[in-house]
Amino acid sequence: MGLALSSADAAEKKDFKVAWSIYVGWMPWGYAADSGIVKKWADKYGINIEVKQFNDYVESINQYTAGSFDAVTVTNMDALSIPAAGGVDTTAVIVGDFSNGNDAIILKNKDKLADIKGQNVNLVEFSVSHYLLARALPTVGLAEKDLKVVNTSDADMAAVYKTQDVTAVVTWKPIVSTILESPDAHKVFDSSQIPGEIIDLMVVNTNVLKDNPKFAKALAGIWYETLATMKDGTASKEAMAKASGTDLKGFDEQLATTKLFSDPKDAVAFTTSGDLKKTTELVSKFLFEKSLLGKDAKSEGAIGVEFPDKTVFGDTGNVKFRYDATYMKEAADGKL
């Protein structure tokens, strides 16, 4: 009886909380909340959605993992290493974009990636920057043992680069743009050389999703209507630019190195492609090598990842991360 009641209670959930943080590919969520688009779609499905901005990206993921939020904006890698590795079953319902040059390796007074050998490299340890470095080094016959990683906060990166001792950094826009204004700064590798691997998502707690598919339908409706405003003129982009601390020119520069899936059909095609499975293996391998899949992980497949066709990479008995194209497809088919 108690189980039956708790299931009914879960199904009756009306209030939902979404966490997001400042990044070019996630700015539409803030605009959607401010402009009434969130309320419009929530009303359509008879629910309430609170959209909260976090200034600290990792804190937003931690809050979601702790159960304080039903959904969060997160990269594919961080979704796997934080909530999924922490035992929180998580589903990606919107694949929003991938970094196509936003993340970069920059050297001071050197212009070839091979010159990074023997240097101290400042980056946010275990972040997508660390992953980018790990993917870049083998292209010039190097490995991480050939240099020294120095863990550095993203908030300090631009200032740190200006100090004499710092000669190599890995970071993301808009910090990349700021650093490249220095005449001695040379970009030697960026995420456009590993397209489709650093992916930006909206993920939902899988148990919440099962009982409340209307929530995911509303999120998809909000997302694609907001992206459409960006094609119709500059008003929404100007608001997003201001909210992210830049101007329209700066925001457009960030968008230029972001593969934003404005058309849900493109998002569905990407999410259902075999390439996503290969990327998942690469990311899982990196996380396992860095001991980020949980202390008990015995292999890179310790956490099962389920794809839209229901195939699984890794442990089928421990699926904690899922890609679901259902709601993006409903948007593409005009069925929301």
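Details of the structure are given in the entry above.
Residues numbered from 1 in each chain as written. Predicted model: local features only at pLDDT ≥ 70, side-chain atom pairs only at ≥ 80, totals over all residues. Heavy atoms only, no water.

A word on the packing of aromatic side chains
Part 1: Summed over the entire model, instances satisfying the criterion amount to 11 aromatic pairs.
Part 2: Arranged with centres 4.4 Å apart and planes meeting at 10°, the rings of F16 and F215 form a pair that is stacked. Residue F16 is found in strand β1 (residues 15-21), and its partner F215 is found in helix α10 (residues 213-232); the two are separated by 199 residues along the sequence. Of the two residues, F16 and F215, both sit in the buried class.
Part 3: Grouped by ring-pair contacts, the aromatic residues Y23, W26 and Y57 constitute a single cluster.
Part 4: A cation sits over an aromatic face here: K108 above Y161, 4.6 Å from the ring centre. (Phe/Tyr/Trp six-rings, centres within 6.5 Å; stacked < 30°, edge-to-face > 60°. Helix = DSSP H or I, 4+ residues; strand = E, 2+ residues; numbered from the N terminus. Buried < 20%, exposed > 50% of the residue type's maximum accessible area, 1.4 Å probe, protein only. Lys NZ or Arg CZ within 6 Å of the ring centre and 35° of its normal.)

A short note on the pattern of salt bridges
Part 1: Counted under the stated rule, the structure contains 19 salt bridges.
Part 2: Salt-bridge contacts for D43 lead to K39; the nearest nitrogen and oxygen are separated by 2.7 Å. One end of the pair, D43, and the other, K39, are both in helix α3 (residues 37-44), 4 residues apart, so they sit about a helical turn from each other.
Part 3: On the accessibility criterion, D43 (44% relative accessible area) is partly exposed.
Part 4: Looking at K39, the relative accessible area reads 56%, which means it is exposed. (Salt bridge = Lys/Arg side-chain N within 4 Å of Asp/Glu carboxyl O.)

Some words on the side chain of T271
Part 1: Inspection of the secondary structure puts T271 in helix α13 (residues 264-271).
Part 2: Here T271 falls in the buried class, since its relative accessible area comes to 2%.
Part 3: Those residues in contact with T271, other than ones at most four positions away along the chain, are V95, L276, P308, Y323 and M328. (Contact = heavy atoms within 4.5 Å.)

Quick look at a negative patch on the surface
Part 1: Together, D56, E59, D154 and D156 give the surface a local cluster of negative charge.
Part 2: Mapped onto the elements of the fold, D154 is located in the loop between β7 (148-151) and α7 (157-161). (Patch = residues over 30% accessible without salt bridge, like charges linked within 9 Å, V, L, I, M, F, W, Y side chains within 5 Å. Areas by Shrake-Rupley, 256 points an atom, 1.4 Å probe, with all protein chains shown as cover. Lys, Arg positive; Asp, Glu negative; His and termini not counted. Charge placed at Lys NZ, Arg CZ, Asp CG, Glu CD.)

Here we look at the pairing of strand β3 (residues 71-75)
Part 1: Of all 5 residues making up β3, 5 are buried, and the element is well covered by its neighbours.
Part 2: A two-sided burial pattern is seen for β3, the buried positions comprising A71, T73 and T75 on one face and V72 and V74 on the other.
Part 3: Here β1 runs beside β3; their pairing, made up of 2 bridges, is parallel. Bridge pairing in β3 places V18 opposite A71.
Part 4: Here β3 pairs with strand β10 (residues 199-205) via 5 bridges, running antiparallel. Its bridge partner lying in β10, T75 is registered against D200. (Pairing = 2+ DSSP bridges.)

Section: the environment of R135
Part 1: For R135, the location among the structural elements is in helix α6 (residues 128-136).
Part 2: As for R135 and I61, which are separated by 74 residues in sequence, their C-alpha atoms are 24 Å apart.
Part 3: Apart from the residues lying within four places of it in its own chain, the contact partners of R135 are I194, E197 and L282.
Part 4: Engagement of the side chain of R135 in a polar contact is seen with the side chain of E197, the distance being 2.7 Å. (Polar contact = N/O pair within 3.5 Å; in protein donor to acceptor, adjacent residues only side chain to side chain.)

Focus: the nonpolar core
Part 1: Counting 114 residues, the largest nonpolar core has I49, I105, I116, F215, L219 and F321 as its most contacted members.
Part 2: In terms of residues, this core owes the most to one element, α10, which gives 10 residues.
Part 3: When sequence neighbours within four positions are dropped, the list of residues in contact with I116 reads I105, L107, V121, L133, L137, L142, L147 and A168. (Core = buried A, V, L, I, M, F, W, Y, C linked by side-chain atoms within 4.5 Å.)

Concerning the environment of M328
Part 1: Within the fold, M328 resides in helix α15 (residues 326-332).
Part 2: The class of M328 is buried, set by a relative accessible area of 0%.
Part 3: For the pair M328 and L133, spaced 195 residues apart in sequence, the C-alpha to C-alpha distance is 32 Å.
Part 4: With residues near it in sequence (within four places) discarded, M328 still touches V93, I94, V95, Y224, P264, A267, V268 and T271.

Some details on unusual backbone geometry
Part 1: With an omega of 5°, the peptide bond between K173 and P174 qualifies as cis.
Part 2: With respect to the element layout, P174 can be found in the loop between β8 (168-172) and α8 (175-179).
Part 3: Positive phi outside glycine occurs at S291, with the angle close to 60°.
Part 4: Note that S291 resides in the loop between α14 (274-289) and β12 (304-306).
Part 5: The exposure class assigned to S291 is exposed, which follows from its relative accessible area of 60%.
Part 6: Look at K310: it is not a glycine, yet its phi comes out positive at around 75°.
Part 7: Mapped onto the secondary structure, K310 falls in the loop between β12 and β13 (312-313).

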